Amino acid sequence: MAPFPAVLVVDDHDGFRAFARTMLEAAGFTVTEAASGAEAAATARIIRPQLVLLDIQLPDFDGFEVARRLAAGVQRPVIVLTSTREASDYGGLITSSPAAGFLPKDELTGAALHGFLAAGRAERPA
Amino acid sequence: MSRRRRAALIVAALAALAAVTGQIVVTYVPGPPQPLIGTISQSLVGLSFLAAGIAAWLRWPASRLGLLFTIAGYLWLLPNLGHLPYALPFTIGNLVASVYGAALAHLALAWPTGRLRSRFEVGVVAAEYAWTIGQSFVSMFFWNPHTNCGPGCPANLLMIDGSRSAENVLGVISIPVGLALTVTVLALIVRHWQTAQGWTRRAMVPLLWIAPAICALSAVQTVAENTSLRLFAGATAGNILYGYLPLILLAGPALFVASTLLARTARGAVGTAIVDLEPGAPPGQLRDALARALGDSTLQLAFRQPDGPGYADTTGRPVDPARPEPGRIVTPLPGPAGAAPAEAVLVHEEGLEHEPQLIRLTAAAAGLALEHARLQAEVQAQLEQVRASRARIVEAGDEARRRIERDLHDGAQQRLVTLSLALGMARSQVAGSDPGLAALLEGATKEAREAIAELRELARGIHPAVLTETGLAGAVQALVERSPVLTTVGAVPAGRYPAPIEATAYFVVCEALANVAKHAPGATAQVAIRQPAGRIVVEITDDGPGGARPGAGSGLRGLADRVASVGGTLRVESAVGSGTRLQAEIPCP
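Bear in mind that the values here come from a model prediction, so they are computed numbers and not experimental data. (Residues numbered from 1 in each chain as written. Chains lettered and ligands numbered in written order. Predicted model: local features only at pLDDT ≥ 70, side-chain atom pairs only at ≥ 80, totals over all residues.)

Novice: Just to check I follow, could you spell out the overall build of chain A for this structure?
Specialist: Assigned secondary structure in chain A consists of five helices and five strands. Walking chain A from its N terminus toward its C terminus, one meets helices and strands in the order β-α-β-α-β-α-β-α-β-α. The buried share of chain A, reckoned over its 126 residues, is 43%. Within chain A, residue pairs in contact and separated by at least 24 positions form 61% of the contacts whose partners lie at least 6 positions apart. (Helix = DSSP H or I, 4+ residues; strand = E, 2+ residues; numbered from the N terminus. Buried ≥ 20, exposed ≤ 12 C-beta atoms within 10 Å, placed from the backbone. Contact = placed C-beta atoms within 7 Å.)

Novice: Just checking my understanding: could you explain the interface of chain A and chain B for this structure?
Specialist: When the parts of a complex come together, some accessible area is lost, and that lost area is often taken as the interface size. Taken together, the contact between chain A and chain B spans 19 residues of the former and 22 residues of the latter. Per-element accounting of the side of chain A that touches chain B gives the leading share, five residues, to helix H1 (residues 14-26) of chain A.

Novice: I keep staring at the sheet that holds strand E6 (residues 486-489) of chain B and nothing clicks. Help me out?
Specialist: The strands making up a sheet are joined through hydrogen bonds of the backbone, oriented either antiparallel or parallel. Residues and elements named next belong to chain B. Reading across the sheet, the five strands line up as E6-E7-E8-E10-E9 and stay open at both edges, with mixed pairing between neighbours. Here the strands that pair on one side only, and so sit at the sheet edges, are E6 and strand E9 (569-573). Strand-to-strand twist of the sheet, defined as the mean angle between neighbouring strand axes without regard to direction, takes the value 15°. Here E6 pairs with strand E7 (residues 524-530) via four bridges, running parallel. Counterpart to Val489 in the pairing with E7 is Val527. (Pairing = 2+ DSSP bridges. Axes fitted to C-alpha atoms, helices over the stretch in contact; angles between N-to-C directions.)

Novice: How should I be thinking about the pairing of strand E1 (residues 6-10) of chain A in this particular structure?
Specialist: Residues in a regular strand point their side chains to alternate faces of the sheet. Residues and elements named next belong to chain A. Most of E1 sits out of view: four of its five residues are buried. After leaving E1, the chain enters H1 and then returns to the sheet as strand E2 (residues 30-34), a path that is right-handed. Looking at chain direction, E1 and strand E3 (residues 51-55) are connected through four bridges and run parallel. By the bridge assignment for E3, Val7 is matched with Leu51. (Right-handed = clockwise from strand over helix to strand, strands pointing away.)

Novice: Please explain the packing of helix H2 (residues 36-59) of chain B against helix H11 (residues 251-276) of chain B as it appears in this structure.
Specialist: When two helices pack together, you describe them by how their axes are tilted relative to each other and by the distance separating the axes. All names here are of chain B. It is at 8 Å that the axes of H2 and H11 come closest, and there the two elements cross at 30°. H11 is crossed by H2, and the crossing has left-handed handedness. Packed against H2, whose contacting residues are Ser48, Phe49, Ala51, Ala52, Ala55, Ala56 and Arg59, the element H11 presents Gly252, Pro253, Phe256 and Thr260 at the interface. Here the contact of H2 with H11 is built from residues that sort into seven nonpolar, three polar and one charged. (Left-handed = near helix turned anticlockwise from the far one by under 90°. Nonpolar A, V, L, I, M, F, W, Y, C, P; charged D, E, K, R; others polar.)

Novice: Would you mind showing me how to read H1 of chain A here?
Specialist: Along an α-helix, residues three or four positions apart point the same way, because every turn accommodates 3.6 residues. Residues and elements named next belong to chain A. With 13 residues, H1 ought to run about 18 Å at 1.5 Å a step, and its terminal C-alpha atoms sit 18 Å apart, in line with that. If you check which residues of H1 are buried, you get Phe16, Arg17, Phe19, Ala20, Met23 and Leu24. Buried residues along H1 cover an arc of 165° about the axis, so they all sit on one side. Of the exposed residues in H1, the ones pointing more than 90 degrees away from its buried face are Asp14 and Ala26. Of the residues trailing H1, Gly28 is marked for its positive phi of about 100°. (Expected span 1.5 Å × (residues − 1). Arc of directions from axis to C-beta.)

Novice: Would you take a moment to explain the sheet that holds E3 of chain A for this structure?
Specialist: All names here are of chain A. The sheet built from five strands is open, its strands ordered E2-E1-E3-E4-E5 with parallel pairing. Across the chains shown, the open sheet's two edge strands, defined by having one partner strand only, are E2 and strand E5 (101-104). Taking the axes of each pair of neighbouring strands and ignoring which way they run, one obtains an average angle of 25° across the sheet. Note that strand E4 (residues 78-83) and E5 share four bridges and pair parallel. Bridge pairing in E5 links Thr82 to Leu103.

Novice: What is the right way to look at the packing of helix H13 (residues 356-430) of chain B against helix H14 (residues 435-462) of chain B in this model?
Specialist: Residues and elements named next belong to chain B. Between H13 and H14, the least distance of the axes is 9 Å, while the angle of their chain directions is 165°. It follows that H13 is roughly antiparallel to H14 by the angle criterion. The chirality of how H13 crosses H14 is left-handed. Considered class by class, the residues forming the contact of H13 with H14 number 19 nonpolar, five polar and five charged. (Parallel < 35°, antiparallel > 145°, perpendicular 65-115°, else oblique.)

Novice: Just checking my understanding: could you explain the confidence of the model for chain B for this structure?
Specialist: Low pLDDT means the predicted atomic positions in that stretch should not be read closely. Of the residues in chain B, 90% reach a pLDDT of 70 or more, and the chain-wide mean stands at 84. Model confidence for the complex is summarised by a pTM of 0.59, with the ipTM given as 0.85. (pLDDT = per-residue confidence, 0-100.)

Novice: It is not clear to me how the environment of Thr84 of chain A should be interpreted in this structure. Could you clarify?
Specialist: As for its position among the elements, Thr84 of chain A is in the loop between E4 and helix H4 (93-96). Put simply, Thr84 of chain A and Gln57 of chain A are 27 residues apart on the chain and 9.3 Å apart in space, counted from C-alpha to C-alpha. Leaving out residues up to four positions away in the same chain, Thr84 of chain A has contacts with Lys105 of chain A together with His409, Gln413, Gln414 and Val417 of chain B.

Novice: When you look at the environment of Thr362 of chain B in this model, what are you seeing that I'm missing?
Specialist: Residue and element names in this part refer to chain B. Of note, Thr362 is situated in helix H13. For the pair formed by Thr362 and Arg267, sequence separation is 95 residues and the distance between their alpha carbons is 7.7 Å. Excluding residues that lie within four positions of it along the chain, Thr362 makes contacts with Val270, Leu290, Leu294 and Leu346.

Novice: Is there a simple way to think about helix H2 (residues 37-47) of chain A in this case?
Specialist: All names here are of chain A. Those residues of H2 not exposed but buried are Gly37, Ala40 and Ala44. Across the axial projection of H2, the buried residues extend over an arc of 50°, all falling on one side. Turned more than 90 degrees away from the buried face of H2, the exposed residues are Ala42, Arg45 and Ile46. Where H2 is buried, its residues contact E1, E2, E3 and helix H3 (63-72). Arg48 sits one or two residues past H2 and shows a positive phi near 45°.

Structural data, given as structure tokens:
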């Protein structure tokens, strides 16, 4: 496992971003934040995160669209969609998106994200 | 009692008196014997003309037809004076013996309005009167009654010379003149019919049958009276000529009866036409139906133009009610109270004016039909408005629920999640140092998570996010997966539809599955959504006990209302013992 993997937290809710930063930094991640889809795309180009924690509901365009844009780029980070809703509330949209998976917000832990990262590496060796 | 009505009653009384007197005279006064058939046809023809006259007078108070019928009746009865055994009445009776023929010609030429149509026709009628009296007058100079009926006859006061030869000479002139007048009258009648339009043409038809018969009778009598053969000299010939044949004249009063029946039939036809008119039929159809009923192909139904002072008929032709074309009459239709000038008018052939009852009925019926159509259009428009507002209300309700779900998701749910995460972090931080506090925080985290789950369920019930996010197919799939009922889903159209349609179809499936879970636990269900042309059909069947009644629970009724709000229909088939089948058909462009 690479030390301090870079994670981009995309969420328009300030409180959640703050908690996610505290929690993920404690779990050994380097955390960058973005509050909208556009900001997420721009930031991802600069900091080249290994993982993007992506809220589905964003003020400009939704998480699925952001995921498509990120996946179309060069870095192709591991994308984890998240929401206060459940996966079933999005029908087949999650499985058909380029995201590696879905994590309900209240189940967010550093360990869960490390798991996604490991699975992503195994699937796509650098 | 109107003046006309009183006059008619006086005429009626006089007619009865005349008839009774005539009978007494013919029966009891000594004189030349009168054969029974003669008496019968004399009374029958005369009285029937008088009766027709009175009836016509009452029916068409403004027309001269009643007077003409009455005059014909009197002129027919007047020659009965000749049966009196005195010289003066005898002479007068014989003098006016055939003047009724002129009255008949007058009546026929004035039919059906009571007015003669031209100066020429006035001349023809005048000639008829002049000829029938003049011819009798002149021939009586030479007629010695004693050669016919013997010495019992009274004297002919006008006789100058009893020589038969002079009378015969006049007789030879009488045939061509009499026939010429008869043929002229007949030709004029045919021409009246040919040039007539609308109601007048219709009214002319019975006359067209009757006139030739009476003209033929007149011709036969003219020839018989004026040939040297003296056909009427024999008793049998006399009976035929003056007893049986004059019964043909009963066709005159029959003309009145026929025209009454015609008007009555037309009134019935107008009623039937209105009843048979399709609800909401355009005014053009109303006009056609009335034109057929009245037999007036020229009938026009004209409406006041909304953007101008003028009127236009159903074909768009402008109509000026103040100055109708010659020969045409304008009748305003009764409209809503206080509406002047009339919204609509009938323009018809002037002959119809002589049937005021018929025209009044037609106008009233047309007015009613138009009012009915107007009300129907109004109700239709209101219904359309109500439908649209119902759809808007449902849509607004959906939108409100969608917003509430989103607000819950963005607000309370978000905060609870953050709270839950914070609690989790706090617990892991104190896990080693303070087991008591850690257990407390563990319990708080659990509570928060349950609150999140409950809130999610609540939000989903308010409005399923999956429907907004993915459409009908995904929403139905998610619904079925969460439902306690074992359900198979057939093909669901993957496309997106207008939000109210998606929401309605979704709620049908949702309510149906909830009903199965509630009323038929253990049953399995099938969901199929098809999209035939122009609509979406949602069908949910289960193998439960059946027996659901659409009106019984508020659930199914509310669902039916919901489906109706988007113009769809909901059908429930639920015979006891054979499951339940719920089918919603929703129009979808």
